[in-house]
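# Working through the structure, step by step
What follows is the residue order along each chain.
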Amino acid sequence: MADAPRRPPELGFDALYRRDFHALMALAYGLSGSRQAAEELVQEAFLAAYRRWDDIRAYDDPGAWLRRVVVNRSVSGIRRRMAEGRALVRLGHRRTLPDVLAPPDEELWRAVRALPGRQAQVVALHYLDDRPVAEVAAILGCAEGTVKSHLSRARTALAAALATEEDA
Amino acid sequence: MTPTLDDRLAAGAAGLRRTVGAVPPPAPPRPPSPGPRVLAALVLVAALVAGAAVALRSGGDDGSDVAMSSGELPTLVSTDPPAGLALSMAYDQETVEDADSPFDTLAADMVVYGDADADDPFAERDLEVRTRTIPPGGEMTGDEDGTTSGPVTVRGRPGLGGVYGDASTEAGLRFLQWTESDTLLVRVASYSLSEDELAAVAAALVVDDGVARLAEAPAGVAGPLDEVGSRHRDDYAGPGAPREHIAYYVPGGGEPTGEPGTASAMTTVLPGGEAELAALRWELGPGEAVEVDGRDGWLATDRLAADPAGGDDPAVVMSLVWARSEGVLVRIDTAHLAADEVLALAESLDVVPADEWAGLVAANELLAVDDDPADELTPVGETTVDGVTLDD
């Protein structure tokens with residue numbers, strides 16, 4: 001008799017944090033365009049997960065829940081400003097050295113951020129987080145067809161904005 | 001050949017992943033257990049602030065740090081904040097949350113030079129030499145709020161040079177920065193030295209035990225450049241480093257909105273003596289000497305082209321620092337406040353007994369836990385760029 005599908009071993013909160021921190025930072029940075037806001041947004045998402053850990057840990061993929069929170073907050077102008085404000089408080093206006101961590105190809109990410117929110121989220125999850133369409137749909141809570149439509153429109157808009165060729 | 005969109009997306013994604021991969025994760029968040037709703041927390045904050053004010057009024061006002069115990073810094077709260085401000089939150093924070101943080105200047109070693117015999121040591125000549133560790137392979141680019149003149153070679157290593165633009169909090173500061181090794185970044189910076197003088201300083205530096213220093217002013221650089229201040233990361237990071245006490249004020253109190261254009265003030269109590277005060281004073285940049293409760297202070301004004309909280313409107317950011325008592329520095333950072341309001345806030349600070357402070361911090365944590373993540377799960381909308389709503 002074939003074994004029933006097994007759930008992957010449950011990750012503890014700290015292990016989940018270590019595993020997903022950088023992936024979530026990349027999503028938040030790409031979508032918000034602010035390093036400080038990205039740090040704050042990721043911390044907020046993990047804090048939210050920690051508060052509800054008894055529920056979140058029971059999900060098949062707690063990381064998907066975190067991604068949903070991060071991408072939603074990252075494209076929200078108000079959320080982003082609040083995160084930046086809190087980051088400013090936290091840093092106390094401390095001056096930073098010239099940035100050694102600015103992302104390459106800022107033009108590309110600026111164009112992604114100029115997309116409608118849902119399209120930007122789909123692009124970030126698909127290309128940056130390397131998620132197939134089905135997983136993007138699951139994270140965002142929509143149908144795969146919707147994701148494909150957003151992806152198609154996003155690619156057309158990006159190709160025009162970047163004056164590059166859209167692949168097949 | 002023009003790269004295709006897929007090439008560009010793949011390279012851009014890889015570059016961004018590589019960039020954030022170099023960011024050391026801070027410690028995982030650890031909130032207190034879930035508490036009551038915001039209203040209850042605000043009532044509690046108000047009650048605690050009122051209680052603290054009563055306690056302060058019943059005590060002396062001689063600047064003695066009565067709440068300070070061995071190894072701890074005093075906890076300060078304003079009893080009468082200016083400009084309609086009220087306490088929003090209070091919290092304690094490691095002076096450096098992560099010793100390897102690339103974002104925190106306290107995680108760097110810093111030495112400042114000027115005229116040791118002058119009342120204002122940085123009035124004629126000034127120099128900062130800052131050293132910090134960086135993640136291996138960190139990519140050096142320009143400051144996102146500043147202006148750089150482009151790549152340069154310093155001491156045979158790749159670097160950047162230029163002058164910060166007026167969008168930066170360091171507007172007008174000329175700098176040279178380079179990677180002394182794969183994990184060591186050095187910056188020399190000055191408001192008064194020329195590009196050639198900075199290059200001569202960089203060439204003359206001695207890097208010893210991970211810290212760059214200038215032994216004497218090199219030929220061709222007019223002095224004096226005496227060492228007048230310094231700050232060392234080991235005093236702020238790692239075991240035994242004290243925790244800063246921070247209080248944040250916004251109009252009317254309550255939770256900060258982060259909205260651009262809103263007045264705000266933050267008081268920070270941090271450790272330090274004369275050397276650290278001089279370093280901080282240089283760091284604040286050009287300003288004016290002031291007096292706070294009979295002690296010498298420095299008030300610096302940054303006129304930013306854009307509000308640090310967001311938006312495109314200009315903003316005035318002021319910072320005040322003074323030594324409140326031996327080993328205790330106080331710093332106030334404000335946005336959208338006038339100089340007399342900043343000074344009024346400084347003079348209204350007094351020590352809160354430790355248990356009162358603990359109550360304020362606890363109330364702040366109650367505010368923080370009210371954030372309901374379920375609120376954030378609402379889709380952001382389905383409208384596309386051409387206004388069409390897509391169906392599944």
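Chains are numbered independently. Their residues run from 1 in the order of the written sequence. Here the convention is simple: chains get letters from A, ligands get numbers from 1, in the order in which they are written. Whole-chain, interface and lining totals are the exception, using all residues; otherwise, since this is a predicted model, local features are given only for residues with pLDDT of at least 70 and side-chain atom pairs are given and counted only at 80 or more.

Turning our eyes to something else, we now look at the confidence of the model for chain A. All names here are of chain A. The pLDDT averaged across chain A works out to 78; a share of 74% of its residues lies at or above 70. Contacts from residues 1-6, a stretch scored under 50 in pLDDT, to residues over four places away or in other chains number zero contacts. Within a predicted model, pLDDT stands for the predictor's per-residue confidence, ranging from 0 to 100. Each residue gets a C-beta atom placed from its backbone, and two residues are in contact if those atoms lie within 7 Å. Of the regions scoring below 50 in pLDDT, residues 89-102 engages in 48 contacts with residues more than four places distant in sequence or in other chains.

When a strand is regular, its side chains alternate between the sheet's two faces. Residues and elements named next belong to chain B. To sort residues by burial, count the other C-beta atoms lying within 10 Å of each one's C-beta; a count of 20 or more means buried, 12 or fewer means exposed, and anything in between means partly exposed. C-beta atoms are built from the backbone. Put simply, DSSP marks the helices as runs of H or I at least four residues long and the strands as runs of E at least two long, and each gets a number from the N terminus on. Among the seven residues that make up strand E8 (residues 184-190), six are buried, leaving the element largely enclosed by the rest of the structure. Strand pairing requires that DSSP identify at least two bridges connecting the strands. Relative to E8, strand E4 (residues 127-133) is paired through six bridges, and the arrangement is antiparallel. Note that in E8 the partner of Thr-131 across the bridge is Val-186. As paired elements, strand E7 (residues 174-181) and E8 share seven bridges and run antiparallel to each other. Within E8, the residue paired with Arg-174 across the bridge is Ser-190.

Our focus in this paragraph is the packing of helix H1 (residues 13-32) of chain A against helix H1 (residues 5-21) of chain B. Between N-to-C directions, angles cover 0 to 180 degrees, with each direction set by a line fitted to C-alpha atoms, over the stretch in contact for helices. Viewed as axis vectors pointing N to C, H1(A) and H1(B) meet at an angle of 120 degrees, and their least axial separation amounts to 9 Å. In terms of axis orientation, H1(A) runs oblique to H1(B). Between H1(A) and H1(B) lies a crossing whose hand is right-handed. Across the interface between the two elements, His22(A), Met25(A), Ala26(A), Tyr29(A) and Gly30(A) of H1(A) pack against Leu16(B), Arg17(B), Val20(B) and Gly21(B) of H1(B). Residues are grouped as follows: Ala, Val, Leu, Ile, Met, Phe, Trp, Tyr, Cys and Pro are nonpolar; Asp, Glu, Lys and Arg are charged; all remaining types, including Gly, are polar. Partitioned by chemical class, the residues of the contact of H1(A) with H1(B) number five nonpolar, three polar and one charged. For classification, angles of less than 35 degrees are called roughly parallel, those exceeding 145 degrees roughly antiparallel, those between 65 and 115 degrees roughly perpendicular, and all remaining angles oblique. In a left-handed crossing the near helix is turned counterclockwise from the far helix by less than a right angle, and in a right-handed crossing that turn is clockwise.

As a further point, take helix H8 (residues 133-140) of chain A. Residue and element names in this part refer to chain A. Considered for burial, the residues of H8 that qualify are Val-136, Ala-137, Ile-139 and Leu-140. End-on view of H8: buried residues confined to an arc of 165 degrees, all on one side of the axis. Contacts made by the buried residues of H8 are with helix H4 (62-74), helix H7 (117-128) and helix H9 (144-162). With its phi angle positive at about 70 degrees, Gly-141 sits one or two positions after the end of H8. Throughout, the arc means that of the directions going from the helix axis to the C-beta atoms.

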